[in-house]
Every structure is written in C-alpha cells, then in structure tokens.
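One letter stands for each residue in the lines below.
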Amino acid sequence: MEQDRLQAYLRGRMGDVTIDRVVRSFPGLSRETWLVCFDDGDGVVVRADPPGGGIVPTPFAFEWQVYETLAKTAIPVAEPLWYDADPDPSGGRPLFVRRLVEGSTYLPGLYDDVPGATARREAVAREHAEKLAMLHTLDWRAAGFGTFIDAPDSPADAMRHELETWSRIWHAVKSEAFPVVSEALGWFEAHLPATGAAISLCKGNNGIGEEIWRDDRIVAFSDWELASIGDPCNDWSLSQGMLDLLDRDRILRYYEELTGFSLLPENFTYYRVWDVFKSLCALNAGLRAFIAGENRMLARATLGFGKSRVFEHLLGRVIGMNSLDEAADYVVQWRKNPYHDPRISGA
Amino acid sequence: MRPSSRELIESIIAAIDTTILPAIAEQQAASSLRAARTLLEHLAVRVEIEPDVLTADNRDAAAVLAGLGDAPDAGEGGGVLALRARNAALQTAIDQRLRAMPIAGRESPGQAEERRVLRAYLERRLARERDMIFPAFLGTPF
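No experiment lies behind these values; they were computed from the predicted model shown.

Calculation notes
- Throughout this document, residue positions are counted from 1 along each chain, in the order its sequence is written.
- Written order decides the labels, with chains lettered from A and ligands numbered from 1.
- Per-residue local features of the predicted model are confined to residues with pLDDT of at least 70, and side-chain atom pairs are confined, for both listing and counting, to 80 or more; whole-chain, interface and lining totals are unaffected and use all residues.
- Remark: hydrogens and water are excluded; side-chain values derive from all non-hydrogen atoms of the structure.
- The way it works is that DSSP assigns letters per residue, a run of H or I at least four long becomes a helix, a run of E at least two long becomes a strand, and they are numbered from the N terminus.
- Summary of the burial criterion: residues with accessible area below 20% of their type's maximum are buried, those above 50% are exposed, and those between are partly exposed, where the area comes from a 1.4 Å probe applied to protein chains only.
- A contact between two residues is defined here by any heavy atoms of the two lying within 4.5 Å.
- Each accessible area is a Shrake-Rupley result for a 1.4 Å probe, and residues are judged covered by the shown protein chains and nothing else.
- Neither His nor the chain ends is counted toward charge; the positive residues are Lys and Arg and the negative residues Asp and Glu.
- Charge positions are represented by NZ for Lys, CZ for Arg, CG for Asp and CD for Glu.
- Of the two site types, the cavity is a set of points on a 1 Å grid over the protein atoms alone where a 1.4 Å probe fits but cannot get out, and the pocket is an open set with protein on both sides within 12 Å along at least five of seven lines, each lined by residues with an atom within 4 Å of a point.
- Grid points are joined across faces, edges and corners, and a volume is the space filled by probe spheres set on the points.
- Residue classes follow a fixed rule: Ala, Val, Leu, Ile, Met, Phe, Trp, Tyr, Cys and Pro count as nonpolar, while Asp, Glu, Lys and Arg count as charged, and any other residue, Gly among them, counts as polar.
- Any pair of Phe, Tyr and Trp rings, taking the six-membered ring for Trp, is counted once the centres come within 6.5 Å. Such a pair is stacked with planes under 30 degrees apart, edge-to-face with planes over 60 apart, and tilted for the rest.
- Geometrically, a charge over a ring is one whose NZ (Lys) or CZ (Arg) sits within 6 Å of the ring centre while staying within 35 degrees of the ring normal.
- Here, nonpolar core means buried Ala, Val, Leu, Ile, Met, Phe, Trp, Tyr and Cys residues that are tied together by side-chain atoms lying within 4.5 Å of each other.
- For the purposes of this description, domain bounds are those given by an automatic or database domain assignment.
- Here's the idea: put two parts together, see how much 1.4 Å probe accessible area each one loses, and the total over both is what we call buried area.
- Salt bridge, as applied in this entry: a Lys or Arg side-chain nitrogen positioned within 4 Å of an Asp or Glu carboxyl oxygen.
- Nitrogen and oxygen atoms within 3.5 Å of one another constitute a polar contact, given that in protein one can donate a hydrogen and the other can accept it, and given that sequence-neighbouring residues count only through two side-chain atoms.
- Two strands are said to pair when DSSP picks up at least two bridges between them.
- Axis lines are fitted through C-alpha atoms, for helices just across the contact stretch, and the angle between N-to-C directions can take any value from 0 to 180 degrees.

A. Quick look at the overall build of chain B. Secondary structure summary: chain B contains 4 helices and 0 strands in total. Secondary structure elements in chain B, listed N-terminal to C-terminal, are α-α-α-α. Along the first, second and third principal axes, the C-alpha set of chain B runs to 60 × 35 × 20 Å. Looking at chain B as a whole, 39% of its 142 residues qualify as buried. A separation threshold of at least 6 residues defines the contact pool for chain B, and within that pool the share at least 24 residues apart is 69%. Per element, the accessible surface of chain B, about 7,300 Å² overall, is 58% carbon and sulfur. Charge separation in chain B, taken as the distance between the mean sites of 18 positive and 20 negative side-chain charges, equals 3 Å.

Encoded structure:
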C-alpha cells in the first residue's frame, strides 16, 4: 500500500492526519494488516482483503460486522472506524479501519527458561482464560450476533451444526477432490459427541500470535474471521498452545470456575481432532487464488498445498481409528504452532 | 544429464541456508525465502518420483473402480500433465463413491465391503505420495 495514496485517503476520512510510518503486520497471511502511525502518536490499523480474497473462506465484510458488534460490548477489541467496499489505496480491494491499540501479538521471552518464567507463564495462561471466559459468557443474542451468524439450536446440536457448516464450505472451496477428507467427514459424523457445554460466541484462532498483548494482558482480541456461535471447546482447541503454558487441567478448572460451564472431556477431544480438518479446509481454500494466478504468495502454496497434504495424511490415519482419544493423541504430536518458532515470532 | 534436477535443487537449498537467509534481516523477505526453501525441498523429491507415483496410482485407482463396477479410463503415458489430469478424474470418481455412502457402521454388508476396498486404496495412495510431503512440509511454512 503506497503511503502517499493512503495518506490522501485517510485525510479524506479523518481530517488533518500525517502518517509517520506504515508497517505491514507480519505474517498477515490470511488478510493484509497495515499498522499506520501518525506523527501525533495516534494511529490506525488498515485491514484489507488480499488479491484473490482471503485465505480463510469467510466473507471479508463478515469480520467487520463482528468488530462492529463487539465494539458495543465489554469484550476488548480495537475501536472499529469504518468499512470501505471500494477504496483507492488498496486498488479497490475492500478494507476496514480500526483504531491502533498499543501492544504486540507476541510475548517476547515467554518460553525462555529464566527465573520467574513459571510464574509469568501461569499469569499469561490465567489472563487468556479470563478473557476467553468473558467472551464465552457474553450474551450474544442480546448483543445482536444472532442476526448475522447462524447459530445451533442447542448445546447438543452445536457440533453437528459446526460439522454441517464446514462440510458445506469444504465442498465449495476445496482445490480438488480429496477422498480421504470425504471419508474423514463421515468419521467425524460417526464420532459426534452427544451434547455440548454451552452455546457461546467463539472467536476461532486465539491466544499468542492472534491477540494484542501489553504487559502480558490481552488488551484487544484481534482477527475475527473465524468467529462462530458454538461449543466453547472449539476455541480451546484453537488456542495456539495456551494450554501448554501451565498444567492443562488447572487452566481449564479456572476457566470453568469463571464461566460456570463444565467442559466435557469428550467434546474437548473431539475438537482437537476436528481442528485438523478445519485447518485443512481454511488453508486449502487459499490455494484457489494461487492456482488461478490471482495471488502467488508463496505461503499460500506451503500452507494451502503443503500443510493441507500433511493434514490429509493425518486424517488418513484418523479414519482407521475407533477411539477419539487415540485420534487426538495421534494428531497432537503432529500439530506445531508456527508462531512458537523463534525464526517467525522473533520472540 | 548431471547434475540431476534433485542435485541442482538441493544445491539451491544449501545456498539459501548457508549464504542467503542469514543475510536477510527484513521479516517479510526472510519469510518468503523460508517458504521458497520449503517448496524447493518438496520439488527436489517431486521431480524424481511424481511420474512413477502417478502412473502407479492411476493403475491402482482404475483397478479399484473397475472392481466396483465402474469403467474408468486408466490410460497410460502422455507425460506428467496427462497423468495428473487422469489422476484428478480418478480421484473425483473415488470421492463420489465415498460421499454417496452412509457413514461407517450404517452400511449394508455390500457397502461395508466397498468401504474396506476404498479405504485400503486410500492407504496405498497416501503411502505412495508420502515422500513428496514428508519431511518437506513439516518445516516452516512461512
């Protein structure tokens, strides 16, 4: 995004602002995120739909709607400013603008073995659990989320609803036929748990690498493209290693005290395996624009083709297993959060 | 012809690791190079084995489908592009059969047997292409 065009655009919307610097957020794979700092110390974040559309197969405007609705609640998010369907600085690709929140998506040194490390990791884990509890106990109906997010009828229906929703998405966006995945969807249906803990607003990917952290506190939840209404276990399965910071049972007990929910172990296990399919679906969806020549970003190939194939192999093993626990134990050993790689996070 | 495609690609990977990547400080550029390196690691294997993998898989998939009453075009030869196109068509046919079946445990005995045959084929397919996927794509994706 050219700074001059962006400055002219922002002045047209915000008045006399002067850009001091523009930095593209790293890695910003799913959607382009630009951090714009003004010379007076304020700033905005410009989030734009990338060429060929985002990797995650949900509409760009949906994420804006989530921000706009969340901003009227107590959930910490950056203040949404406006949505533009046909802006100049991104060459007509839709964008939305939110207020810049000071902080970082990474927590430098969190995994270092230094004095006080255990206490720090515990504090971070508890902070994350507290904020997730706040989100999951939000009255999403009263907040208006039911008007634009399709919700399951009951906690018992939540996982079937998720399965059907993402099966439809998969068959609409997959890059080619994946018979293993078709068979895996049957496996997920055959292993659906009987009930759920609650129906909550869920964020999708969350934790380190996703939110804005400052002084080890979450000051803004970010990136809502995978928001849904469903079983809160789903969010815990996408919590990017937060359960490895401390004894997992202790974190979950703390969360349960805060929410009043009882997370069902079977559901928890189910979502850990389900996440393999959902990740495969989301990543492979981004490959369409690569194949069409609309977006040749290399990570679209390593993720949309390479990681998708790795996940296909995992599912190929899973469909031969009769036990959810066995399947979860198997996939967990292969899942690695790239944000925990210091070459990527710099932390 | 020497060096082989694999040897050339592996030499590019070595240059990236030892000379180029350590010299790149800019985050997005280094990330692109890591992704490029991962893709090269995949290609080093793929250029050597893909035609054989596709040929074997097309034969296997066609035989499986024929055994289930279909009459697929197994075809032979025609270069890697033709092999890939044939493979895509065969995968679509296998996929359609699986999607038409009830979930495991609710099939008729005939459908259960068909599922057993198709799953056994899928296992063979995954084993065939495994070396093109692992370990290349266990590395850093970006």
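Having seen the model, we can carry on.
B. Molecular detail of the layout of surface pockets. Taken as a whole, the second largest pocket holds about 700 Å³ of empty space. A:Glu176, A:Phe305, A:Arg309, B:Arg46 and B:Glu50 are, among the 25 residues lining the second largest pocket, the residues nearest its centre. Where the lining of the second largest pocket is concerned, the elements lending two or more residues are helix 10 (287-291) and helix 11 (298-318) of chain A together with helix 2 (27-67), helix 3 (79-99) and helix 4 (109-133) of chain B. Examining the composition of the lining of the second largest pocket, we find that 8 residues originate from one element, helix 2 of chain B, more than from any other. Of the residues in the lining of the second largest pocket, the class split is 13 nonpolar, 4 polar and 8 charged.

C. Layout of the packing of aromatic side chains. On inspection of all chains with the given rule, the structure shows 20 aromatic pairs over all chains. Centroid distance A:Phe305 to B:Phe137: 5.6 Å. Interplanar angle 90°. Geometry classified as edge-to-face. With A:Phe305 in helix 11 and B:Phe137 in the segment after helix 4, the pair connects residues from two separate chains. Summarising the burial analysis for this pair, A:Phe305 and B:Phe137 share the class buried. For A:Arg296, the ring lying beneath its charged end belongs to A:Phe290, and the centroid distance is 5.1 Å. Its guanidinium or amino end placed over the ring of B:Phe134, B:Arg130 lies 4.3 Å from that ring's centre, counting from NZ or CZ.

D. Representation of the nonpolar core within the structure. Residues and elements named next belong to chain A. With 112 residues, the main nonpolar core has Phe145, Phe188, Trp236 and Phe277 as its most contacted residues. Residue contributions to this core peak at 12 residues, all from helix 9 (residues 265-285). Structurally, this core is a two-domain feature, drawing no fewer than three residues from each of domain 1 (3-99) and domain 2 (117-342). Apart from residues lying up to four places away in sequence, Trp236 is in contact with His128, Ala129, Leu132, Leu243, Ile251, Leu252, Tyr255, Leu263 and Phe268. Counting 14 residues, the second largest nonpolar core, distinct from the first, contains Tyr9, Ile19, Val44 and Ala48.

E. Layout of the interface of chain A and chain B. Opposite the 37 residues of chain A that make contact, chain B presents 35 residues. Between chain A and chain B, roughly 3,200 Å² of surface is buried when both sides are summed, and carbon and sulfur atoms account for 66% of that area. Together, A:Phe26, A:Glu183 and A:His313 form the three largest contributors to the area buried by chain A at its contact with chain B, with a combined 20%. Between the two partners, chain A and chain B, sit 3 salt bridges. Ionic pairing is found between B:Asp95 and A:Lys174, a salt bridge with its closest N-O pair at 3.4 Å. At the boundary of chain A with chain B, the tally comes to 9 residue pairs in polar contact (both at pLDDT 80 or more). Breaking the side of chain A that touches chain B down by element, the ones donating at least two residues are helix 6 (179-190), helix 11 and helix 13 (342-345) of chain A.

F. Representation of the domain arrangement of chain A in the model. All names here are of chain A. Split into domains, chain A comes out as domain 1 (3-99) and domain 2 (117-342). Taken over C-alpha atoms, the centre of domain 1 sits 25 Å from the centre of domain 2. Contact with domain 1, which involves 29 residues of that partner, is made by 35 residues of domain 2. When the buried area of domain 1 at its contact with domain 2 is split by residue, Ile55, Pro57 and Pro76 rank highest and sum to 23% of it.

G. A look at the pattern of salt bridges. All names here are of chain B. In this structure the tally under the stated criterion is 40 salt bridges over all chains. Two residues, Asp57 and Arg128, come together in a salt bridge whose shortest N-O distance is 2.6 Å. Placement of Asp57 in helix 2 and of Arg128 in helix 4 is noted, with a sequence separation of 71 residues between them. For Arg124, the salt bridge is made with Asp60, and the minimal N-O distance between the two is 2.7 Å. In this pair, Arg124 sits in helix 4 while Asp60 sits in helix 2, placing the two residues 64 residues apart along the sequence. The class of Asp60 is buried, set by a relative accessible area of 13%. Put simply, Asp57, Asp60, Arg124, Arg125, Arg128 and Glu129 are held in one network by salt bridges that share partners.

H. Focus on the sheet that holds strand 2 (residues 32-38) of chain A. Residues and elements named next belong to chain A. With antiparallel pairing, the 5 strands of this open sheet are ordered in space as 1-2-3-5-4. On the outer flanks of this sheet lie strand 1 (19-24) and strand 4 (80-84), each paired with one strand and no other. For this sheet the average axis-to-axis angle between neighbouring strands, irrespective of direction, equals 20°. Sheet topology places strand 3 (residues 43-48) next to strand 5 (residues 95-99); 5 bridges connect them, and they run antiparallel. When the bridges of strand 5 are listed, Val46 appears paired with Val97.

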